[in-house]
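Chains, contacts and geometry: an overview
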Amino acid sequence: MKEKLKAIVDEALEKIKASEELDKLNEIRVAFLGKKGELTEILKSMKDVAPEDRPVIGQLVNEARSTLEEKLEEKKNYFAKKIREEQILKETIDVTLPAKKPMVGHRHPNSIALEEVERIFVGMGYEVVEGPEVEYDYYNFEALNIPANHPAKDEQDTFYVNSNILLRTQTSPVQVREMEKGKLPIRLIAPGRVFRSDEVDATHSPSFHQIEGLVIDKNITFSDLKGTLAEFAKQLFGEDTKVKFRPHHFPFTEPSAEVDVTCFKCGGKGCRFCKGSGWIEILGCGMVHPKVLEMSGIDPNEYTGFAFGVGLERIALLKYEIDDMRLLYENDVRFLKQF
């Protein structure tokens, strides 16, 4: 894997160096850093890497991405300077004319937040796994210890296609599908779009995104969960961030907890942003319920694990101090160009 990664980086750097126009540079960016680029394919193949090597490979992938982005930016600036010099030589510029500002697009706040979360967990040896948005009732509820008569099933206000098929209300079905494969140990995060019958307001939407994580291995304890989420919070919100676990109940985990982080606005002293408490709720988590392991064909006497889930929009709202979730979906350029 290391040799393959080095070969990809060397090839990309050679093509960047040899590129003679901006369009070619954009093709190189897509080919290596795009959604289906060679570096992205490396991330998707993390499942084939030995678990003990994943943190190292994840770090190397992050370093490779940073190197390529830096070289692409340098070459882009070189082209811009070259084009400007040619224009100065060829054209007479009327400095009294108003300037024309090109409209250049960039990543959405959700995409920026998702990439940051993925880099954090890939750096810790996790792989990124996706699953279907149209899901079976079994995977969305029953396999997660939520039978037909469970009140949690009503609380989620699900969009049903028929009695057995629905629009998933969480990305937990991805975890079940991976557990059923029987390839242990498991370390994954499952980002994706989910759907619930909510009214649109400042904090709710019928369509939003979740990032859920799952670890299954021998001798996994709640301490592993706490350490993982503490490290995640520090990398996302700053080194001084602390976490607090409050007892809670989720059908698919036992014990369960909700996690708060110290307010990154006031440092935990209390302010209007955290409503004076010094803490901000960020996610739910817990140890995977033994029944959930059994239903997926995993022996709970031999294996244990933990799971957690966080709303992507919530991370974006908190990190960028956005006070209305609707702004993320209105496509107002005046708002989006701030990021």
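The structure displayed is predicted, hence computed values, not measured ones.

1. A word on the overall build of the protein
In terms of helices and strands, the protein carries 12 helices and nine strands. Counting the 339 residues in the protein, one finds 43% classified as buried. Within the protein, contacts between residues separated by at least 24 positions form 67% of all contacts whose residues are at least 6 apart in sequence. As presented, the protein carries roughly 19,200 Å² of accessible surface, and 50% of it is formed by carbon and sulfur atoms. Of the charged side chains in the protein, 48 are positive and 58 negative; the average position of the first set lies 4 Å away from that of the second.

2. Some thoughts on the packing of aromatic side chains
Applying the stated criterion to the full structure yields 10 aromatic pairs. Look at Phe 121 and Phe 308: their rings are 5.3 Å apart centre to centre, the planes differ by 20°, and that puts the pair in the stacked class. Taken together, the residues Phe 121 in helix α5 (residues 109-123) and Phe 308 in strand β9 (residues 304-311) connect sequence positions 187 residues apart. On the accessibility criterion, Phe 121 (1% relative accessible area) is buried.

3. Topic: the pattern of salt bridges
Between side chains of opposite charge, a pair can form as their charged atoms come close. For the structure shown, the criterion picks out 16 salt bridges. Close ionic contact of Glu 178 with Lys 181 constitutes a salt bridge, the shortest N to O distance being 2.9 Å. Several salt bridges converge on common partners, so that one network encompasses Lys 244, Arg 246, Glu 258, Asp 260 and Glu 281.

4. Concerning the nonpolar core
Ranked by internal contacts, the top residues of the largest apolar core, which has 34 residues, are Leu 229, Phe 232, Leu 283, Cys 285, Phe 306 and Phe 308. Elements with a contribution of two residues or more to this core: α5, β5 (207-217), α9 (222-237), β7 (253-262), β8 (279-288), β9 and α11 (312-319). In terms of residue count, the dominant contributor to this core is α9 (six residues). Apart from the residues lying within four places of it in its own chain, the contact partners of Leu 229 are Val 243, Phe 245, Val 259, Leu 283, Cys 285 and Phe 308. Tyr 139, Phe 141, Val 292 and Tyr 303 belong to the second-largest nonpolar core, a separate cluster that totals 23 residues.

5. Some points on the environment of Pro 147
Structurally, the position occupied by Pro 147 is in the loop between α6 (137-140) and α7 (151-155). C-alpha separation for the pair Pro 147 and Asp 137, spaced 10 residues apart in sequence, amounts to 9.7 Å.

6. Quick word on the sheet that holds strand β4 (residues 186-195)
If you trace the seven strands from one edge of the open sheet to the other, you get β1-β4-β5-β9-β8-β7-β6, paired in mixed fashion. Edge positions in the open sheet fall to β1 (127-128) and β6 (243-250), since each of these has one partner strand only. The sheet contact formed by β4 and β5 spans 10 bridges and is antiparallel. Counted as the bridge partner of Arg 193 is His 209 from β5. Those strands touched by α5 are β1, β4, β5 and β9, and its axis lies near 165° from that of β4.

7. Description of helix α2 (residues 22-33)
In an α-helix, one turn spans 3.6 residues; hence positions three or four apart end up facing the same way. Taking 1.5 Å of rise per residue, the 12 residues of α2 would be expected to cover 16 Å, and the 16 Å separating its terminal C-alpha atoms lies within 8% of that figure. For α2, the complete set of buried residues consists of Leu 25, Ile 28, Phe 32 and Leu 33. Looking down the long axis of α2, one finds its buried residues gathered within 90° of arc, a one-sided arrangement. Exposed residues pointing more than 90 degrees away from the buried face of α2 are listed as Asp 23 and Val 30. Those residues of α2 that are buried are in contact with α1 (2-18), α3 (38-44) and α4 (54-90).

8. Considering the side chain of Ser 19
Within the secondary structure, Ser 19 sits in the loop between α1 and α2. Those residues in contact with Ser 19 that lie beyond four places of it in its chain are Lys 24, Leu 25, Ile 28, Lys 75 and Phe 79.

9. Focus on the packing of α5 against α11
Packed helix pairs are specified by the crossing angle of their axes together with the interaxial distance, meaning the distance between the axes. With their axes 9 Å apart at the nearest point, α5 and α11 run at an angle of 100° to one another. With respect to their mutual orientation, α5 and α11 come out roughly perpendicular. Side by side, α5 and α11 meet where Pro 109, Asn 110, Ala 113, Leu 114, Glu 116 and Val 117 of the first sit next to Leu 312, Glu 313, Ile 315, Ala 316 and Lys 319 of the second. Partitioned by chemical class, the residues of the contact of α5 with α11 number seven nonpolar, one polar and three charged.

10. Considering unusual backbone geometry
Between Leu 184 and the following residue, Pro 185, the backbone shows a cis peptide bond with an omega angle of 0°. For Pro 185, the location among the structural elements is in the loop between α8 (172-180) and β4. The omega angle of the peptide bond from Glu 254 to Pro 255 is 0°, so this bond is cis rather than trans. Here Pro 255 is to be found in strand β7. Even without glycine at this site, Asn 145 takes up a positive phi of about 65°. Note on placement: Asn 145 falls in the loop between α6 and α7. The backbone phi angle of Asn 331 is positive, close to 55°, even though this residue is not glycine. Among the secondary structure elements, Asn 331 is positioned in the loop between α11 and α12 (333-336).

Rules and cut-offs
- Residues numbered from 1 in each chain as written.
- Predicted model: local features only at pLDDT ≥ 70, side-chain atom pairs only at ≥ 80, totals over all residues.
- Heavy atoms only, no water.
- Helix = DSSP H or I, 4+ residues; strand = E, 2+ residues; numbered from the N terminus.
- Buried < 20%, exposed > 50% of the residue type's maximum accessible area, 1.4 Å probe, protein only.
- Contact = heavy atoms within 4.5 Å.
- Areas by Shrake-Rupley, 256 points an atom, 1.4 Å probe, with all protein chains shown as cover.
- Lys, Arg positive; Asp, Glu negative; His and termini not counted.
- Charge placed at Lys NZ, Arg CZ, Asp CG, Glu CD.
- Phe/Tyr/Trp six-rings, centres within 6.5 Å; stacked < 30°, edge-to-face > 60°.
- Salt bridge = Lys/Arg side-chain N within 4 Å of Asp/Glu carboxyl O.
- Core = buried A, V, L, I, M, F, W, Y, C linked by side-chain atoms within 4.5 Å.
- Pairing = 2+ DSSP bridges.
- Axes fitted to C-alpha atoms, helices over the stretch in contact; angles between N-to-C directions.
- Expected span 1.5 Å × (residues − 1).
- Arc of directions from axis to C-beta.
- Parallel < 35°, antiparallel > 145°, perpendicular 65-115°, else oblique.
- Nonpolar A, V, L, I, M, F, W, Y, C, P; charged D, E, K, R; others polar.

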